[in-house]
Amino acid sequence: MGEVRVRIAPSPTGFLHIGTARTALYNWLFARNKRGKFILRIEDTDLERSSPQMVDVIIDSLRWLGLDWDEGPYFQSQRMELYRDYAQRLLTSKNAYYCYCSEDELRERRERAIKEKKDWKYNRRCLRLTPEERQELEREGRPTTLRFFVPEGETVVEDLVCGRVEKDNSDIEDLIIVRSDGRPTYNLACIVDDLEMRITHVIRGNDHLSNTFKQILIYKALGAPSPQFAHLPLGLGEDRSKISKRHGAVSVTEYKKMGFLPEALVNYLALLGWSPGDDREIMSRQELVKVFSLARVSPRNPIFDIQKLEWMNSQYIKGLEEGDLLRLVLPFLREKGWFREELGEEKREWLKRVLLLLRERAHKLTDFEDLGSYFFSSEIEYDPQTVEEYLRSPGTKRKIVLLGERFAELKDFSAENIEIALRALAKELGVKAAELIHPLRVAATGRKGGPSLFHLLELLGKEKVLKRLENTLSLISE
Ligand code: GLU
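Since we're looking at a predicted model, the values are computed, not measured.

What follows covers the overall build of the chain. Scanning the chain for helices and strands turns up 21 helices and ten strands. Taken against the 2.2 N^0.38 rule, which gives 23 Å for 478 residues, the C-alpha radius of gyration of the chain at 32 Å runs more than 25% over that of a compact globule. For the chain, the spread of C-alpha atoms along the principal axes amounts to about 110 × 50 × 40 Å. Counting the 478 residues in the chain, one finds 48% classified as buried. Here the analysis covers contacts within the chain between residues at least 6 apart in sequence; of these, 75% occur between residues at least 24 apart. Only carbon and sulfur atoms are counted for the fraction: they give 48% of the accessible area of the chain, which is about 24200 Å². Averaging the coordinates of the 77 positive side-chain charges in the chain and doing the same for the 77 negative ones gives two points 2 Å apart.

Each pocket or cavity is described by its volume, and for the second largest pocket that value is around 400 Å³. Counting residues per element, the ones that place at least two in the lining of the second largest pocket are helix H4 (103-115) and strand E5 (145-148). The leading source of residues in the lining of the second largest pocket is H4, at four residues. Looking at the lining of the second largest pocket residue by residue, the class counts come to seven nonpolar, four polar and six charged.

Moving on to the site of the ligand. Near the ligand, the surroundings consist of Arg7, Ala9, Ser11, Glu43, Tyr186, Cys190, Arg204 and His208. Between the ligand and the protein, one listed contact pairs an oxygen atom with a side-chain N or O atom of Arg7 at 2.7 Å. In the model, a nitrogen atom of the ligand is placed 2.8 Å from a nitrogen or oxygen of the Ala9 main chain. Here the ligand has 300 Å² of accessible area as a free molecule, and 81% of this is covered by the chains. In the shell around the ligand, the residues fall into three nonpolar, two polar and three charged.

To continue, consider helix H18 (residues 415-429). For an α-helix, the turn length of 3.6 residues means that residues three or four places apart are oriented alike. Taking 1.5 Å per residue as the helical rise, H18 with its 15 residues ought to reach 21 Å, and the 21 Å between its terminal C-alpha atoms agrees with that figure. Among all positions of H18, only Ala415, Ile418, Ala421, Leu422, Leu425 and Ala426 are buried. Down the axis of H18, the smallest arc covering the buried residues is 135 degrees, so these residues share one side. Facing away from the buried side of H18, by more than 90 degrees, are the exposed residues Glu416, Ile420, Lys427 and Glu428. Tucked inside the fold, the buried residues of H18 contact helix H17 (396-409), helix H19 (433-445) and helix H20 (453-460). Of the residues trailing H18, Gly430 is marked for its positive phi of about 70 degrees.

What follows deals with the sheet that holds strand E2 (residues 37-42). Strand order in this open sheet of three strands is E1-E2-E3, and the pairing throughout is parallel. Looking at the sheet topology across the chains shown, the edges are occupied by strand E1 (5-8) and strand E3 (71-75). Taking each pair of neighbouring strands and ignoring which way they run, the sheet shows an average axis angle of 25 degrees. Note: E1 against E2, four bridges, orientation parallel. Of the residues in E2, the one forming a bridge with Arg5 is Lys37.

Okay, the sheet that holds E5 next. An order of E4-E5-E8 is seen for the three strands of this open sheet, with the pairing classed as antiparallel. Of all the strands in the sheet, the pair left with one neighbour each is strand E4 (96-99) and strand E8 (176-178). Here the strands of the sheet are splayed against their neighbours by 45 degrees on average, with no regard to which way each runs. When E5 meets E8, the two strands line up antiparallel, connected through two bridges. Bridging across to E8, Leu146 finds its partner in Val178.

Each value, and the rule that gives it
Residues numbered from 1 in each chain as written. Predicted model: local features only at pLDDT ≥ 70, side-chain atom pairs only at ≥ 80, totals over all residues. Heavy atoms only, no water. Helix = DSSP H or I, 4+ residues; strand = E, 2+ residues; numbered from the N terminus. Rg over C-alpha atoms; globule rule 2.2 N^0.38 Å. Buried < 20%, exposed > 50% of the residue type's maximum accessible area, 1.4 Å probe, protein only. Contact = heavy atoms within 4.5 Å. Areas by Shrake-Rupley, 256 points an atom, 1.4 Å probe, with all protein chains shown as cover. Lys, Arg positive; Asp, Glu negative; His and termini not counted. Charge placed at Lys NZ, Arg CZ, Asp CG, Glu CD. 1 Å grid on protein atoms, 1.4 Å probe; cavity = no way out; pocket = protein on both sides within 12 Å on 5 of 7 lines; lining within 4 Å. Points joined across faces, edges and corners; volume = space filled by probe spheres on them. Nonpolar A, V, L, I, M, F, W, Y, C, P; charged D, E, K, R; others polar. Near = heavy atom within 4 Å. Polar contact = N/O pair within 3.5 Å; in protein donor to acceptor, adjacent residues only side chain to side chain. Expected span 1.5 Å × (residues − 1). Arc of directions from axis to C-beta. Pairing = 2+ DSSP bridges. Axes fitted to C-alpha atoms, helices over the stretch in contact; angles between N-to-C directions.

Set out below in structure tokens:
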């Protein structure tokens, strides 16, 4: 086989949809696995609905996911001449014909067919016009479209994912390939580009399967071989519908904002409908490239499971290098108003240690804001119920006072020394260490749970801890 060439062809009418990101990823993995080429093509012939901002967002999203392309971006809006040439070829070879039916007429006929419960398909009124009739219609200045003539027969798609799918051509309408304003429709522009770009495999969502039949017919009419097709099931929503806003975030940008790592999203999307054939779950990009194959893409609808994605993200957060952890989390903290200032070396080191301590519990980069709020802000809020539960029992006040005294004596406020002091006090009082640990945690952090208490106290620092213990006393003084 010659060089594999695949493409992703987003329309810049919105952000990069999570489903399109998965399609892009499968194309990319296939190309890298086969040492082929991955091409980016922007399908922006719909000028009213496309925008340069959306092109930027799509490009940024692909870059963020690390899906680098070898050619492009090509813009369909800059290739109009080419589509016109192909349309002309189809017209000359009598595989296409002019249609003068106006949109209103077509709508009327369609509505009538629906009312009479008949299937609607363009009735080829303009196929057999006499030259005089045509001249007359042209004189009227009617809008003119170009329709592709669908021949009789049957069209077969040998799909690499779905298997063999057939359709009788009588179920396919003579489709418009050039609009009345001269712009090509999706099907024409798509096949012209796939041909010109020598695309060998078209890997796309199965919402395009009905277009594939039409495209195969156009390839035939042009005397050109069709590429191979692989249609990916798109029903990612839990209700098996195409994933939409109802299911949560749909754009890649939103996942970035929610604190997902691109590596985790790539890993998750790769396994969403494809499997390596064993039970591996955490797979690096290199591993994925090595073993990816279309043969292992499932024809069944996968289900997008945000909890699974969060779990996977937590695994990637745990694996981050310390420096990367700080670099990635800091912007989220800054957005919340913390650490706006330039951080000195000491503060950076401190923050790094805080994040390392917290990361066991983080599923997303945004979780650190909440997980560590008692580190970042001077004031902490005490939930009345937690106070009631952990600080109001008889004797707690005394324990807090004594802990404060012992901590004040510590010269080196290290996790180790804090623990020794606490255990010594527990022994003296004849109580279990846990009876001191729980109220202490609530007093110092306002929370019932969290990371290793002694380490977090060390990082909070003596001054803050003593102040919080004192404040707690006022909460339980009455
Ligand atoms: N612009 C089309 C889309 O975004 C491309 C479909 C294709 O891959 O052919 O759905």
